[in-house]
Amino acid sequence: MTPQKSIWEKLQEIDRRILYLILAIAVTVPLWIPAKLPVIPDSTSMDLYGQLMSVPEDKTVFVQSDWTVSTRGESQGHLEALLRILMARRIKFVIYAAADPQAPQVFRNVILGLNQEREARGLPPYRQWEDYIDLGAFLNAEGTLNSIGQDVRKLFGPRRSADTEGRERPVLESPVLSRVQKIGDAGLYVVVTASATIDVAVQRISGKTKLAAMTTGVVFPSVLPFYQSGQVVGAAGGLKGVYDMEFLMANGVNVVSPTGKVEAQFPAKAELTAPPLTEIEPKTVTFARGQRYFLSFHAAIVLLIIAVVVGNIGMYKMRKNRRGA
Amino acid sequence: MIPLAQAPPITFWGVQPGSGEMWVKIVVALVVCLLIMFGLTFLPNAGRKAVVWGFTFAGGLFYVLLWIVPTPINRGPSDLPRPGEEFGFWLQDALPHIVNSANILTAFLLGLGIYSLLRVHLGRIAKRQPDREFSAILLVCMVVMAGFGYADWIMRRFGEGREKLELMQNWTPVQYAFDLMFDGLLQQMDAAMFSMIAFFILSAAYRAFRIRSVESTVLMASALILMLSLLGALVALWNGGVDAMAVALNLPNASVDLKEAHFLNNFKLNEVANWVRSFLQVPALRALEFGVGLGALAMGLRLWLGLEKGGISA
Amino acid sequence: MQWLDTGWFGIVITLVMVTFILSNIYRADKGKKELFIRRIPGLNAIDDAIGRATEMGRPVIMVPGIGSLNAVSVQALNVFAHVTKTAAQFSTPIKLCVADAAVYTVAQEVIRDVYQKQGMIERYDVDSVRFVSDRQFAFAAGVSGTILREKAAATFLLGEFFAESLIFAETANSVGAIQVAGSTQTSQTPFFIAACDYVLIGDEFYAASAYLSRVPVLVGSLVGQDWCKLLIATGILLGFATNSLERSQETSVGRVPLAVAAPEKWTAMTEETKSVFEAAEDEIPLDKPRLRKRNETSVFRLFNPLVREADLRVERPQKPPAPPAATGGAQ
C-alpha cells in the first residue's frame, strides 16, 4: 500500500490551473470593491511630478509613447497622468511613437478620452496643431532617437498635419513646434514605455535635454541607475507609479494640505515644492485608474507571497519526511 | 534667414508629398534597386561576402564618424558651414536619409518573412498535416487584415470626404471592419497574452522560488522587502507602527505628524526598500549593464571590422 | 556627437577601450597560448540538452529574441550555429523561430551553411527556420504553440527578450524541456532564473561564442573586455575617492546658469536667443564659501564641460533666400 500523501505533498503537486484560477479570482474581485488605499510616493515619482509642474509655460514637452494596449494597466495610467498635468497647465506637447506602429492608435485613444472628459466638464479641449502635435510613428528607435538628438527639425521636417483651418501644413510651422530648434529647447522629454526604448533615449539624448521616464514595473529597475546618476530626472514605475502620480496630483509635493499635514513629503529635497492639481481639475474624474487597480495589485502580491511561502514549507516538509523515511 | 516656424526647404532627397515627381522617383528607385539585387545574385559566394562586409563597414563607419566628428552647435535652418565645419554639416544632413533608408530596407525584408509564413502554412495545408486548420485560419486572417487595413488607409488618405472619417458616425463598413479586427481583436489578444505573464509569474514563484542556499535566502529576503514595499496599505501600517514606537520611546524630534528625522525612520518599510534598491539592486544592475555594454562593443567591433569568426562569417 | 555636449573624456575612454579590445584580438591571433575562460554551466549543458532531445526523438527549439538584426541577435545565431552543428551530427530535428525578417534571412543562411559544412545538407529542412510574426505577442503565441505541439525536449532562448520571456520559459517547462536561456535585457534575467534550468547572466551571453569555439580572435576579444572592466572599476574607485574628497571641501566659486551669472545680459536677450544660450553656464564668486555641489566636482566636469556664453556664439554665413516657387515644402 502506498503511504498517504500529506497535505504539503499534495500542495507541491497542485495542478497549476488551480493556481491560475485563484489568481484570476483574487485579481478580478477587488476591481468591484471601491477602496482608497494609502500610498507613500516614491522619490522618483515626486521628482517627476516636480519636474512636470516646473516646465515653463512657453516650452513644448516631448512625449515619446512606446506602449500598446497590452500594458495599458500600467502605461495608460502613466500617459493619462502625464497628459492631464500638461493639459491642466496648458503646456503644449508633441507626441509620437519610436518603436511600435500600433502605439499611435493607442495614444490617440487616450487623448480622445481626455478631451471628452474635459468637454464634459466645460474645459477647453486640447486641439491638434494649436495645443499638441501628433506625429504618429517613427520606426527604428535607435535611428529615430539619434536623429532627435542630432537635429530634431530634420526628422520632423517632412511630417505634415492639418492646421486649424484644415489645411495640410508642415508640422514645424505649428505653434507647438515653431519654437523648437533643437532637442535642448524641449521643456521636458518624457518616455512612456513598456520596453527598452528608455535605454536608447538615455544613450542618445540624455545630457542634451531633461529626460524623464514612465515605465512598466518590469522595466523600472533598469531606469534606476540612470535616475541615480541624474541622466533621468524623474520616473514613475509600474502601477505604484500610476497611483503615486494620482496621489501627487491631489496632494502636491512638500505642500501643507488643508488639514495641516504634508501628505507627500520629500525630506531629501525639502526645497522642492509642487502644488496639487486639484484647483484646476476636480478630483472626481482625475484620480481613478491607479486607485481602482491598487487593491487588485495588493491581492496579487499577497497571493504571490503566500505561494512562495507555501511552496517553501511544502519543500521543507517533504525533505523532512524523506529523511525520516 | 528662414524663420524658425518654416519647414526646411525641400532638396533633391525630399519631394512634395503626393506629387507626380514623388511617384516617378519611387518607381525609378524601385527599378534600380531590383536591378542591383538581380545583379548581385550572379556574384560568387566570396564576392557576396565582400559585398556584405563592404556594406557593414560603410554603415558602421557612418555612425562612428557621426559620433567622433563634432557636429555644429546652434545650427540655424539657413546656416552655411564655416571653414572646417563642412563635414559635420554633411554628416548631420545625411543622418535622416540613412535612417529612412534603413527603415525602407527593413520594410522590404518583411516580404521575405511573409514568404516564409506562406511556405510553411500553405505547405502544411497541401500536405494535409495535423493542425492544418490553424494554418488556414492564420492565412485567412493575414489576407483579410491586410486587405481591410489597406482599404482603410487609402480611404483615409486619398478618399473623397476623408476628413469626415475622423468621426465615427461617418464610418463606412470598411472602417468598422478594420476597427473590429484591430482594436476589437488584435489589441485585446495582445493584452490577453501579456496578462498571462501574471499567471506564469505565480506558477514560477510557487514552483521555483525556493530557499536552498544562503544566496537564495538573501534573494528571497530582498524580494520580500521589495514586494511588501509595493503594498501601500501595509507600508502605511508598518510606518505608523514605527512612528508610534518613536513617540512611545520619546525619541528626539519624533512627531507622527511631521515625520521628522529620528533614528527609527531608517526602519520604515519604504526606507528599507529604498536602501535595498539603491545600494544592492542598482549597483548590481550597473555592473551587469557594464558587462553587456562591453560585450556589445566588442561584438560590434568584430562585425564591423570583419573579425567575427563564429557561426556567421565562418 | 557634440564635444561641447558630452566632453572629450567619454570619447577618449571609449577609444581606449576599443584599443584594449583590438590589441588583445591581435595578440591572441598571433600567440599560440590558449587562454583560460572560467566554466559557464549553461554552455556546458548544450550537449546534454541535445543528447536528451536525440534520445527522446523530440526537437530542439531555438529563439533569438524579438530584437532586430544587431550584435545581440548575431551573437544568438552564433550560439545556435553551434547547437545546430551538434544536432545535425545526431540527426536531431531543430526549429528556429524568428520575429524579425532581417534576422530570419540571416538565420536561414547560417543554418543552411552549418548543414552544408557538416556535409549533411540532405538533413536540412527548409522550414526549420521560420518567421512567426513581428508582433511581440503574436510571436509569443506562435512560439508557445510550437513548443507545445512539438513537445520540445530542449529550448534555447538567447537574445533580446522582453515580456514574452516568461511565457516561453513556463510553456517549455510545462512540456518538460531542458532550458538554456540568456538575455541582454537585465529586466528579463530574473524571469529566466525562476523558470529555466541554465541561465547566461549579463555578458556571459557575449562570452558564449568564445567559450564554445575557443577561436583566438574571440577569446582575445574577451580578454580585451576584461581589461575594459578593470579600467571601469579603476574609474569608479578614482571617481569615488575624488568626489568624496572634493565634496567635503568648501568652494568660493559656484557654477550657475547664465541667467544667474549675467542676469542683465539674459534679460536683454530676445526669446529666440534665450533658447540658444539656455545651455550656457558660468562661474561666479560666492558671498561665503560653501561645500561643493554635485555639479561642481572635477569628475562631473569631465563629462559635462562648462559651456560658456562665448562658446555658443556662432556666426555663420547664411544661405540666400530661395525664390518662393522653389521652396515647395513651406506654404
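Since the structure is predicted, the reported quantities are computational estimates derived from the model, not experimental observations.

Let's talk about the overall build of chain C
Move 1: For chain C, the helix and strand inventory stands at 15 helices and 8 strands.
Move 2: Radius of gyration (C-alpha) of chain C: 28 Å, far over the 20 Å computed for a compact globule of 331 residues.
Move 3: Principal-axis analysis of the C-alpha atoms gives chain C an extent of 80 × 60 × 40 Å.
Move 4: For chain C, buried positions account for 44% of its 331 residues.
Move 5: Intrachain contacts of chain C at a sequence separation of at least 6 include 74% that bridge at least 24 residues.

Thoughts on the overall build of chain B
Move 1: A count of helices and strands for chain B gives 8 helices and 0 strands.
Move 2: Ordered by position in the sequence, the α and β elements of chain B form the string α-α-α-α-α-α-α-α.
Move 3: The C-alpha radius of gyration of chain B comes to 30 Å, more than 25% above the 20 Å expected for a compact globule of 314 residues.
Move 4: Over its C-alpha atoms, taken along the principal directions, chain B stretches across nearly 85 × 65 × 55 Å.
Move 5: A buried classification covers 20% of the 314 residues belonging to chain B.

Some thoughts on the confidence of the model for chain C
All names here are of chain C.
Move 1: Across chain C, the average pLDDT comes to 87, with 95% of residues at 70 or higher.
Move 2: Between the elements of chain C, mean pLDDT differs from a low of 45, seen in helix α15 (residues 324-327), to a high of 96, seen in strand β1 (residues 60-65).
Move 3: Scored below 50 in pLDDT, residues 325-331 makes 14 contacts in the model with residues more than four places away or belonging to other chains.
Move 4: This prediction of the complex comes with two scores: 0.86 for pTM and 0.87 for ipTM.

Here we look at the sheet that holds strand β6 (residues 186-193) of chain A
Sheet strands associate in pairs through backbone hydrogen bonding, adopting either a parallel or an antiparallel arrangement.
All names here are of chain A.
Move 1: Ordered in space as β3-β2-β1-β6-β7-β8, the 6 strands form an open sheet in which the pairing is parallel. Looking at strand neighbours, the two that pair on one side only are β3 (132-137) and β8 (234-237), the edges of this open sheet. Shown here is a sheet whose adjacent strand axes are inclined to one another by a mean of 15°, direction ignored.
Move 2: Where strand β7 (residues 211-215) meets β8, 4 bridges bridge the pair, whose relative direction is parallel. Bridging from a neighbouring strand, A212 pairs with G234 of β8.
Move 3: Sheet strands touched by helix α8 (residues 220-228): β7 and β8. Its angle to β8, the strand with the most contacts, is close to 165°.
Move 4: This element, helix α9 (residues 238-251), spans β7 and β8 of the sheet and lies at about 115° to β8.

Focus: the domain arrangement of chain B
Move 1: According to the domain assignment, chain B contains domain 1 (43-124), domain 2 (130-208) and domain 3 (213-304).
Move 2: Computed from C-alpha coordinates alone, the two centres of domain 1 of chain B and domain 3 of chain B are separated by 43 Å.

Considerations on the sheet that holds strand β2 (residues 94-98) of chain C
All names here are of chain C.
Move 1: Across the sheet, 6 strands lie side by side as β3-β2-β1-β4-β5-β6; this open sheet has parallel pairing. Since the sheet does not close on itself, it has two edges, and those belong to β3 (129-131) and β6 (198-200), each with one partner. Sheet twist, expressed as the mean angle between neighbouring strand axes with direction ignored, is 15°.
Move 2: As judged from the 3 bridges shared by β1 and β2, these two strands associate in the parallel manner. In the strand pairing of β2, V60 is matched with I94.

Some points on the domain arrangement of chain C
How big an interface is tends to be stated in terms of accessible area lost as the parts join.
Residue and element names in this part refer to chain C.
Move 1: Split into domains, chain C comes out as domain 1 (16-34 + 219-248), domain 2 (38-213) and domain 3 (252-310).
Move 2: Of note, the centres of domain 1 and domain 3, computed from C-alpha atoms alone, are 34 Å apart.
Move 3: Taken together, the contact pairs 5 residues of domain 1 with 5 residues of domain 3.
Move 4: Class assignment for the residues of the side of domain 1 that touches domain 3 results in no nonpolar, 3 polar and 2 charged.

Looking at the packing of helix α8 (residues 269-304) of chain B against helix α9 (residues 216-247) of chain C
Move 1: Where α8 of chain B meets α9 of chain C, the axes come as close as 10 Å, and the angle between the chain directions of the two elements is 140°. It follows that α8 of chain B is oblique to α9 of chain C by the angle criterion. Remark: the crossing between α8 of chain B and α9 of chain C carries right-handed chirality. Across from F290, L294, G295, A298 and R302 of chain B in α8 of chain B, the residues of α9 of chain C making contact are S221, G224, Q225, C228, K229 and I232 of chain C.
Move 2: Of the residues in the contact of α8 of chain B with α9 of chain C, the class split is 5 nonpolar, 4 polar and 2 charged.

Concerning the interface of chain A and chain C
Move 1: Between chain A and chain C, the residue contacts involve 16 residues of the former and 14 residues of the latter.
Move 2: Residue assignment for the side of chain A that touches chain C shows that the elements contributing at least two residues are β5 (168-170) and α8 of chain A.
Move 3: Residues belonging to the side of chain A that touches chain C are distributed by class as follows: 5 nonpolar, 6 polar and 5 charged.

Remarks on the interface of chain B and chain C
Move 1: Listed by partner, the interface residues are 60 residues for chain B and 67 residues for chain C.
Move 2: No other element matches the 16 residues that α8 of chain B contributes to the side of chain B that touches chain C.
Move 3: In the side of chain B that touches chain C, the residues fall into 38 nonpolar, 15 polar and 7 charged.

Digging into helix α5 (residues 136-150) of chain C
Move 1: With 15 residues, α5 of chain C extends 21 Å between its outermost C-alpha atoms, agreeing within 8% with the 21 Å of an ideal straight helix rising 1.5 Å per residue.
Move 2: Looking only at α5 of chain C, the buried set comprises Q136, F137, F139, A140, A141, V143 and I147 of chain C.
Move 3: Among the structural elements, α5 (173-208) of chain B together with β1, β2, β4 (154-160) and α6 (164-174) of chain C are those in contact with the buried residues of α5 of chain C.
Move 4: In the stretch just after α5 of chain C, K151 of chain C is the one whose phi turns positive, near 50°.

A word on unusual backbone geometry
Move 1: Phi angles above zero are rare outside glycine, and R128 of chain B is one such case at about 50°.
Move 2: Its place among the elements puts R128 of chain B in the loop between α3 (86-126) and α4 (132-158).
Move 3: Taking the number of C-beta atoms within 10 Å as the measure of exposure, R128 of chain B has 7 and is therefore exposed.
Move 4: A positive phi is found at R214 of chain C, a non-glycine position, where the angle reads about 55°.
Move 5: Mapped onto the elements, R214 of chain C comes out in the loop between α8 (204-213) and α9.

Topic: helix α7 (residues 232-248) of chain B
Residue and element names in this part refer to chain B.
Move 1: Here α7 is 17 residues long and its end C-alpha atoms lie 24 Å apart, about the 24 Å a rise of 1.5 Å per residue gives.
Move 2: Restricting attention to buried positions, one finds in α7 the residues G232, V235, N239 and A246. Buried residues of α7, viewed axially, fall in a sector of 60°; they line one side. In α7, those exposed residues whose orientation departs by more than 90 degrees from the buried face are L237 and A248.

Focus: the confidence of the model for chain B
Residues and elements named next belong to chain B.
Move 1: On average, residues of chain B score 83 in pLDDT, and 90% of them reach the 70 mark or higher.
Move 2: By mean pLDDT, α3 is the weakest element of chain B at 84, and α8 is the strongest at 92.
Move 3: Within the model, the stretch residues 1-5 combines pLDDT values under 50 with 13 contacts to residues more than four positions away or in other chains.

Definitions and cut-offs
Residues numbered from 1 in each chain as written. Chains lettered and ligands numbered in written order. Predicted model: local features only at pLDDT ≥ 70, side-chain atom pairs only at ≥ 80, totals over all residues. Helix = DSSP H or I, 4+ residues; strand = E, 2+ residues; numbered from the N terminus. Rg over C-alpha atoms; globule rule 2.2 N^0.38 Å. Buried ≥ 20, exposed ≤ 12 C-beta atoms within 10 Å, placed from the backbone. Contact = placed C-beta atoms within 7 Å. pLDDT = per-residue confidence, 0-100. Pairing = 2+ DSSP bridges. Axes fitted to C-alpha atoms, helices over the stretch in contact; angles between N-to-C directions. Domains from an automatic or database assignment. Nonpolar A, V, L, I, M, F, W, Y, C, P; charged D, E, K, R; others polar. Parallel < 35°, antiparallel > 145°, perpendicular 65-115°, else oblique. Left-handed = near helix turned anticlockwise from the far one by under 90°. Expected span 1.5 Å × (residues − 1). Arc of directions from axis to C-beta.

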